[in-house]
Amino acid sequence: MLCVLFAMLVGCTEDSPTQRQDLRDSGVSDTGQADVRASDADRDTATPDASADDISSDASSADADTAEPPTGRTLSDYRRCQSNLDCPVGLGVCVKEVSLSRANAAGETRVAMTDIFVELGEDEGVCSLDCTSSADVCAALSVNGIEADARPHTCQLVTTAEAPYPEVQPAFPFDAQLDSIAQLQGQAFGAICRAPFELAPAVSDAFCERCDGPDSCGDGTSLCWSAKTDAAAQDGESGQCLTPCEGDDTCPMGFACDVTDADGQSYCRPALGTCTACQDRDQDGFGTGQCGTAESPVTPHDCDDLNPQAYYDPDNMDHAFPATCGEQDFNCNGLSDAVEQISASDYPEEHCGGCFDTCAGTLPNGQKFCQQSATPGVGECAAQCETDADGVMLYADCDGDLSNGCEVEANDPSRQFYRDADGDGYGDPNDRVFDCGDTGAPAGYVANADDCDDTSSAAHGGANPPAELCDGLDNDCNGDVDDSPTDAALGLNCADSGYLGACKAGHNVCEGGQIVCAPDILPGEQAETCATPEVDDDCDGSLFNAQPEDHYRYYYDNDGDNYGDGVVLSCSATPPPGTSVNWGDCNDSDPEIRPLRQEICGDQIDNNCSGQTDTVNPIGANNEPESREYAVNAKVWYRDTDGDGYGDPANQVHKCVDPAPGSGWVLNGDDCDVNDSTKTLEQTYYYDGDGDGFIDVNNSISSCGRPGNIKYILPPFGDPQVKKDCHDGESRIHPGAGETCNGRDNDCNGVEDDAAECPIGDGLLSWAGSYSAATNPNHDIGASGNHANEPGGLYSPVCPAGSVWSAARVNYRPDHGNPNGVTPLAWIEPGCQEFQLEKLAAGSFTGDNQYSLKKRSGPINYIGGHSSIYQGGNQTEVFTCAANEAIYRVDIRSSGGLTSQVSFYCRPYRVTNNNGLTAYVFEQESNSGTAQSFGHEWGGYEPQSCGANQVAVGLSTVTSRRNTIDYGNTNVWNILRVRVACADLELPTY
């Protein structure tokens, strides 16, 4: 079965590793899950992990050795490795070195695993984790990868350095050879995580468990072993369970097969005596490794780990006293415990004259007490006899036998004497003897107890105590030392108090039992002053200190850049040569490097002495913000909070290196609203009152984003002149608009109605349609008679196109001797005149943009040709309409077939665009205008008037020479009939 297992794991070849190594690499059983990943194949074997079929076959062949195969992957030893790739998931990393808790004597902080586990080959390690600093890291490991093992990994001590306390104890005292810091830090150690080997079939279930006494491991195969005795634990002894072995190669690395029970069975023992991270054999709480608390896992050193009373505890160095005593070192300080305890002062009751020489308890008429013997540092036990309330001895030990105590009644004060050790004749009241033999005072004793200090003859009481002196003694024994000393030198002036400058001189005082020279002026009580330039006023050793009262502070300026380094104090208001009033020069040998010098990006030089190179936020002289300047070639970046591509002018940085794209910094600080990406620049908006897209350049506001009044708009390209409106109240008036004939400058070119179709300019009128007859077109002047066959003729003059009838010439006889009063009219000639349009001033008519007829300059064109007609005694008169008027009506008076009077009526005309519309209308303004009559008002009245908005353009007359009136046998022409010609007008074309 063993060969089958070997073949499954590594192959049964002559060159295959030993049985122990095969078990270590793959575990005794791989009958559970395979390695988690393909790369987890055993790298120190010839074949990869077994297939499912192999595992099943192997399990079947193992039935004879184990009743129940493992349910998961197990290891019976550390897995070897050469790299992290050799360690499956869950087994950590390839540990080739383990760290030490502190440096060893050679200064090393790590130990190679090949020095710890000699089984490892060159460049080999084990799959684990270093747990020297914390055992908690082992909780993350599992032999079964991401699945937890039935038992966790354990942090185990694998190496220790030399102990800070010598293993072979030298002669006392050797405290000078000890390092208290090393003792406090404990013995250096290293630890790694150990897999739960006890889960492997070849390892006992109780492996490395804690046990108490024989047969306490519970699995029937393990041995309870005591590390303290290095033997099988006996009743009352605790230990660890060890698994059986057949040799070192069957034990895991870090264990040795060298423990044998009474039956000769060998067991795997941990090389350092522990299966955990703590080596504490005597279980006193002090040891090597992680033996302390969770807060302080490493304890001070245990100099004797087999003795629970011996350890180093700097907080309680007397922990073993006075229970122990002897030529030993239970507090691990290199001193004899006996020397530390035997005396009349340290432990007088327990160790008076020697170890365990007790001196305590009552005696007859007294009690035991330890007093100093004649041997320095050693006490002796004596009797302390009873006294009364005043300290007078009532009993005495005259025979020196402590067994009978103070056997003599000592009620005679004359037989009590007091120790006078200083020989001044005055005795110590605390050291008295009784004159047992009544022989007088023994040598060195006196009868009085007036000495308060029996170590100095200069101090005693009594009737004549000495004067108090400055000597550190209570000379007069009044209970006060050096009170009001009487030394003659006290108070006298002295030359040297030990201080400098003005503080050197002083006076004698008593301090600490000595006469010393105390300064009259203490250092710091007064400031340096230029009033005494030769005196160190503040006693600091310099005539000019760091904070002078009236000195000038300058700084050494070696490079002449007006900035220095190193204080120079002077009483002169003028800087001494080679100095400057400015400080902070970080390179006083280069004048181009100084405070306030602009930093230069990329030169790796601290140009402005800010303490940093290539900084963009420099520090000026004396760290004053107002003197700061930025790097000469640094870019200014602005924070773009809202991501609109425009930065916050109040949030800027100067950078020598461009920030990463998309980091929220831009090179402009133009954002007028940093929290709204729709608002970017502060811009000037212009008013567009009529909504035609053209603006009033004189009405603008500045706004961040479009104003609330939406009639304010932005001009294109930011140039308001591009969209300048000449009339912002009318949407049809703006640059580029079509010119219409409305009396306005529609296209804003500075000229009104300059389009070809507008009625402005030198063009002439044309007439619409044909002439229409005036009222009563067939009226015959005269009430009777048919004159059709009478001599005379039809006369019908009409003004040419482009002209209107605005004047008339009338031929008639103004005065005659006609018995009937008839003054006949001979002829009428219309006067035609060309017209143009003239824009009227505002208010001339109702509404705007109106035009009126205006006579053109030049002569009036009279049509008719009557100058050849005989006129007799007649005269010709002329009538002309007023400016802007034309004839529209002609009234006739007639009688007896003769026309006696004609009246002309004129009225003004206008052209209007119908109040802003583009359709123009030619219309009369009113019927009130110029009027004039010719002839005599005689006969019937007949008006001849054109229709509304029409104008007279000519007339038609019928004349005849047939007349009953004879003017000097001369017949004259007379108008028999008049008819007016009227016309409609249309706008002129040009």
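Residue numbers here run from 1 along each chain, matching the order of that chain's written sequence. The model is predicted, so local features are restricted to residues of pLDDT at least 70 and side-chain atom pairs to those at 80 or more, both for listing and for counting; the totals for chains, interfaces and linings are taken over all residues. With hydrogens and water stripped out, all remaining heavy atoms of the structure feed into the side-chain values.

Now, about the overall build of the chain: what can you tell me, with residues and values included?
Strands here mean DSSP runs of E at least two residues long; helices mean DSSP runs of H or I at least four residues long; both are numbered from the N terminus. Counting its secondary structure elements, the chain contains 6 helices and 50 strands. For every residue, the accessible area (1.4 Å probe, protein chains only) is compared with the maximum for its type, and the residue is labelled buried under 20%, exposed over 50%, or partly exposed between those bounds. Across the 990 residues of the chain, 44% fall into the buried class. Contacts are assigned to residue pairs with any non-hydrogen atoms lying within 4.5 Å of each other. Long-range contacts, defined as pairs at least 24 residues apart, comprise 54% of the intrachain contacts of the chain with a sequence gap of at least 6. What sets the accessible areas is the Shrake-Rupley method with a 1.4 Å probe; for residues, cover comes only from the shown protein chains. For the chain, the exposed surface amounts to about 47700 Å²; the carbon and sulfur share of it is 47%.

I'd like a rundown of the pairing of strand S28 (residues 552-556), residues and numbers included.
Here S28 pairs with strand S29 (residues 567-570) via 4 bridges, running antiparallel. By the bridge assignment for S29, tyrosine 554 is matched with valine 568. Here, a strand pair is defined by DSSP locating no fewer than two bridges between the strands. Here S28 runs beside strand S30 (residues 579-580); their pairing, made up of 2 bridges, is antiparallel. Paired with tyrosine 556 across the bridge in S30 is threonine 579.

A description of the packing of aromatic side chains should follow, citing residues and the corresponding values.
Side-chain rings of Phe, Tyr and Trp, where Trp is taken by its six-membered ring, are said to pair if the distance between their centres is within 6.5 Å; with planes under 30 degrees apart they count as stacked, over 60 as edge-to-face, and otherwise as tilted. Applying the stated rule across the entire model yields 11 aromatic pairs. Taking the centre distance of 6.2 Å and the plane angle of 75° together, the rings of phenylalanine 321 and tyrosine 347 count as edge-to-face. With phenylalanine 321 in the loop between strand S16 (288-289) and helix H6 (337-341) and tyrosine 347 in the loop between H6 and strand S17 (362-363), this residue pair connects regions lying 26 residues apart in the sequence. Here tyrosine 347 falls in the buried class, since its relative accessible area comes to 17%. To sit over a ring, a charge needs its Lys NZ or Arg CZ within 6 Å of the ring centre and within 35 degrees of the ring normal. Against the face of phenylalanine 694 rests lysine 723, its NZ or CZ located 4.3 Å from the ring centre.

Please give an account of the sheet that holds strand S33 (residues 665-666) that cites residues and values.
The 3 strands are arranged S32-S31-S33 in an open sheet whose pairing can be described as antiparallel. Looking along the sheet, the strands with just one partner apiece sit at the ends: strand S32 (648-655) and S33. By the bridge criterion, 2 bridges tie strand S31 (residues 635-639) to S33 in an arrangement that is antiparallel. Residue pairing across strands places arginine 639 opposite tryptophan 665, the latter belonging to S33.

Please set out the sheet that holds strand S27 (residues 514-519) residue by residue, giving values where relevant.
Hydrogen bonds along the backbone pair up the strands of a sheet, which may run parallel or antiparallel. Reading across the sheet, the 3 strands line up as S25-S26-S27 and stay open at both edges, with antiparallel pairing between neighbours. Two strands in the sheet have a free side with no partner beyond their single neighbour: strand S25 (493-494) and S27. One ladder, built from 2 bridges, connects S25 with strand S26 (residues 506-511); its direction is antiparallel. Following the sheet pairing, asparagine 493 is matched in S26 by histidine 507.

Describe the pattern of salt bridges, naming the residues involved and giving the relevant values.
Salt bridges are defined as contacts in which a side-chain nitrogen from Lys or Arg sits within 4 Å of a carboxyl oxygen from Asp or Glu. Considering all chains together, one arrives at 11 salt bridges under this definition. Between arginine 110 and glutamate 97 there is a salt bridge whose closest N-O contact spans 3.1 Å. Linking arginine 110 in strand S4 (residues 110-112) with glutamate 97 in strand S3 (residues 97-99), this pair joins segments that are 13 residues apart in sequence. Residue class for arginine 110 comes out partly exposed when judged on its relative accessible area of 40%. Close ionic contact of aspartate 258 with arginine 269 constitutes a salt bridge, the shortest N to O distance being 2.7 Å. Of this pair, aspartate 258 sits in strand S13 (residues 255-260) while arginine 269 sits in strand S14 (residues 266-270), and the two are 11 residues apart along the sequence. Here the residues in one salt-bridge network are Arg151, Glu198 and Glu209, joined through shared partners.

Can you lay out the nonpolar core for me, pointing to particular residues and giving the numbers?
Within the largest apolar cluster, 32 residues are counted, with the highest numbers of intra-cluster contacts made by Met113, Phe117, Val126 and Ile192. When contributions to this core are tallied by element, the ones reaching two or more residues are strand S2 (93-95), helix H4 (113-116), strand S5 (125-128) and S13. Counting contributing residues per domain, this core is built from domain 1 (80-162 + 180-194) and domain 2 (209-269), each supplying no fewer than three. Setting aside residues no more than four positions away along its own chain, methionine 113 makes contact with Val95, Lys96, Glu97, Val98, Leu120, Val126 and Ile192. Throughout this description, the term nonpolar core refers to a set of buried Ala, Val, Leu, Ile, Met, Phe, Trp, Tyr and Cys residues connected via side-chain atoms within 4.5 Å. The split into domains, and so the bounds of each, comes from an automatic or database assignment of domains.

Now, about the side chain of arginine 79: what can you tell me, with residues and values included?
The residue arginine 79 is located in the loop between helix H3 (52-61) and strand S1 (80-81) in this model. Each polar contact in these results corresponds to two N or O atoms within 3.5 Å; when the atoms are within protein, one needs to be able to donate a hydrogen and the other to accept it, and residues that are neighboring in sequence are counted only if both atoms are side-chain atoms. A distance of 3.1 Å separates a polar side-chain atom of arginine 79 from the backbone oxygen of aspartate 86.

Describe the pairing of strand S18 (residues 366-372), naming the residues involved and giving the relevant values.
When S17 meets S18, the two strands line up antiparallel, connected through 2 bridges. Bridged to threonine 362 within S18 is glutamine 367. With 7 bridges connecting them, S18 and strand S19 (residues 379-385) associate as antiparallel partners. Residue pairing for S19: phenylalanine 369 is matched across the bridge by alanine 382. In this antiparallel pair of consecutive strands, S18 and S19, the connection spans 6 residues, and glycine 377 shows a positive phi of 80°.

Which residues make up the state of the cysteines, and what values do they have?
Disulfide assignment relies on a single distance test, namely cysteine sulfur atoms paired within 2.5 Å. In total, this model carries 28 disulfides according to the counting rule given. Residue cysteine 87 pairs covalently with cysteine 127 via a disulfide, S to S 2.2 Å. On the sign convention where negative means left-handed, the S-S torsion of about -90° between cysteine 87 and cysteine 127 marks this disulfide as left-handed. Remark: cysteine 127 occurs in strand S5 and cysteine 87 occurs in the loop between S1 and S2; sequence separation between them is 40 residues. Residue pairing for cysteine 452: its cysteine sulfur links by disulfide to cysteine 477, the two sulfurs lying 2.0 Å apart. Handedness here is read from the sign of the S-S torsion; for cysteine 452 and cysteine 477, about -80°, the answer is left-handed. Residue cysteine 452 is located in the loop between strand S24 (445-446) and S25, and its partner cysteine 477 is located in the loop between S24 and S25; the two are separated by 25 residues in the primary sequence. Cysteine 452 gets classed as partly exposed once you look at its relative accessible area, which sits at 43%. Note on cysteine 477: relative accessible area 22%, which makes it partly exposed.

Account for unusual backbone geometry, with residues named and values stated.
Omega for the peptide link from phenylalanine 172 to proline 173 comes to -5°, which places this bond in the cis form. Geometrically, the link from phenylalanine 321 to proline 322 is a cis peptide bond, its omega value of -10° lying close to zero. When you line up the elements, proline 322 lands in the loop between S16 and H6. Phi is positive for aspartate 482, which is not a glycine, with a value near 55°. Among the secondary structure elements, aspartate 482 is positioned in the loop between S24 and S25.

Give me the lowdown on the environment of glutamate 468, citing residues and values where you can.
By secondary structure assignment, the location of glutamate 468 is in the loop between S24 and S25. For glutamate 468, the contacting residues outside a window of four places in its chain are Leu473, Asp474, Asn475, Asp476, Asp480, Val481, Asp482, Asp483, Ser484, Pro485 and Thr486. Of the polar contacts made by the side chain of glutamate 468, one reaches the backbone nitrogen of asparagine 475; its length is 3.3 Å. In terms of polar contacts, glutamate 468 uses its side chain to reach the backbone amide nitrogen of aspartate 482, at 2.8 Å.

Help me get a handle on the environment of tyrosine 267, residues and values and all.
Along the chain, tyrosine 267 turns up in strand S14. Separated by 21 residues in the primary sequence, tyrosine 267 and glutamate 246 have C-alpha atoms spaced 7.9 Å apart. For tyrosine 267, the residues in contact, after removing those within four places along its chain, are Thr221, Ser222, Leu223, Leu242, Thr243, Pro244, Cys245, Ala256, Cys257, Asp258, Val259 and Asp261.

An account of the environment of tyrosine 554 is needed here, citing residue identities and associated values.
Inspection of the secondary structure puts tyrosine 554 in strand S28. Residue classification places tyrosine 554 among the buried residues on the basis of a relative accessible area of 3%. It is 7.5 Å that separates the C-alpha atoms of tyrosine 554 and serine 570, two residues lying 16 residues apart in sequence. The contacts of tyrosine 554, once residues within four sequence positions are left out, are Gly566, Val567, Val568, Ser570, Ser572, Ala573, Thr574, Pro575, Pro576, Thr579, Ser580 and Val581. Among the polar contacts listed, one links the side chain of tyrosine 554 to the backbone oxygen of serine 572, at a separation of 2.6 Å. Side-chain polar atoms of tyrosine 554 contact the backbone oxygen of alanine 573, separated by 3.1 Å.

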